[in-house]
Amino acid sequence: MQTNIYFVRHAHSTYTPDELGRPLSHKGCMDTERMTESLKHENIHYVLASPYKRAIQTVQGIADWIGSEIMIEDGFRDRQLAENPVENFDQAITKLWQNPAFSYEGGESNLAAQKRGADATLHVLQTYKEKNIVIGTHGNIMVLIMNHFDAQYDYSFWKELAMPDVYRMTFDGLKLKEVKRIN
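These numbers were taken from a predicted model, which means no experiment stands behind them. Numbering of residues starts from 1 in each chain and follows the order in which that chain's sequence is written. Thresholds applied to this predicted model are a pLDDT of at least 70 for local features of residues and 80 or more for the giving and counting of side-chain atom pairs; totals over whole chains, interfaces and linings are not thresholded and use all residues. The basis for every side-chain value is the complete set of heavy atoms in the structure, and neither hydrogens nor water enter the calculation.

### Here's the deal with the nonpolar core
Soluble globular proteins tend to bury their nonpolar side chains together. Membership of the largest hydrophobic core comes to 31 residues, with the highest contact counts inside it found for Ile5, Phe7, Val124 and Ile135. Sorting the residues of this core by element identifies strand 1 (3-9), helix 3 (89-98), helix 4 (110-127), strand 4 (132-137), helix 5 (139-149), helix 6 (155-159) and strand 5 (165-172) as the ones contributing at least two each. Here a strand is any run of E in DSSP of at least two residues, a helix any run of H or I of at least four, and the numbering for each starts at the N terminus. Tallying contributions element by element places helix 5 first for this core, with seven residues. Counting residues in hydrophobic clusters, the runner-up holds 14 residues, among them Ala49, Ile62, Val134 and Val166. For our purposes a nonpolar core is just a set of buried Ala, Val, Leu, Ile, Met, Phe, Trp, Tyr and Cys residues, chained together by side-chain atoms within 4.5 Å. Relative accessibility decides the category of a residue: with a 1.4 Å probe and only protein chains considered, values under 20% of the type maximum give buried, values over 50% give exposed, and everything between is partly exposed.

So this is what it looks like as structure tokens:
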């Protein structure tokens, strides 16, 4: 039997300096409703999310649909880019992908963030065997996790993600068998 993990990149959010409490924008809320409709046909058993409000709000609809609480998993939180805001976000992310061991002061390297996310994913695979699990998370950590299992998911792939975006990763045990975008 297989386990399906549906990684959900959060929908568009309204910028605030409060990273943890940043809410979805009106557009994000509307897009989340459409995404929830597509997930209703996937026989979801469990819903997990990053502790960030925007990730929780993005998967709340599917949790409500299946009558389940969202379980918060810190391993799927947004990556800490740096202790302080960076001058140019795109340049900063590019540098991290070019040098996976590099980290800005107070931030996580790609390797550190990837290990955190992959460990959380492996825990989910061991805990919820043969189930369908939705995970509300963030684009960068999502692609780092996907990259852990298949190197084709890289910086270029991350740049093309939508908000929200959903990818189903099908596993046989701990071995990745297939990745499919859910529209």
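### Re the sheet that holds strand 5
In this analysis, strands are considered paired if DSSP registers two or more bridges between them. Strand order in the open sheet formed by six strands is 3-2-4-1-5-6, with mixed pairing between adjacent strands. Edge positions in the sheet fall to strand 3 (71-72) and strand 6 (175-182), since each of these pairs with one other strand and no more. Here a residue-residue contact requires only that any non-hydrogen atoms of the pair lie within 4.5 Å. Axes here refer to lines fitted to C-alpha atoms; in helices the fit is confined to the stretch in contact. Angles between the N-to-C directions go from 0 to 180 degrees. Running at roughly 170° to strand 1, helix 1 (residues 26-39) makes contact with strand 1, strand 4, strand 5 and strand 6 of the sheet.

### Brief notes about the pattern of salt bridges
Only one rule defines a salt bridge in this text: a Lys or Arg side-chain nitrogen within 4 Å of an Asp or Glu carboxyl oxygen. Enumeration according to the criterion identifies 13 salt bridges in this entry. Linking Arg22 and Glu19 is a salt bridge whose minimum nitrogen-to-oxygen distance equals 3.0 Å. We note a salt bridge from Arg77 to Asp74, for which the minimum N-O separation is 2.8 Å. A network of salt bridges, in which partner residues are shared, links Glu19, Arg22, Arg54 and Asp78.

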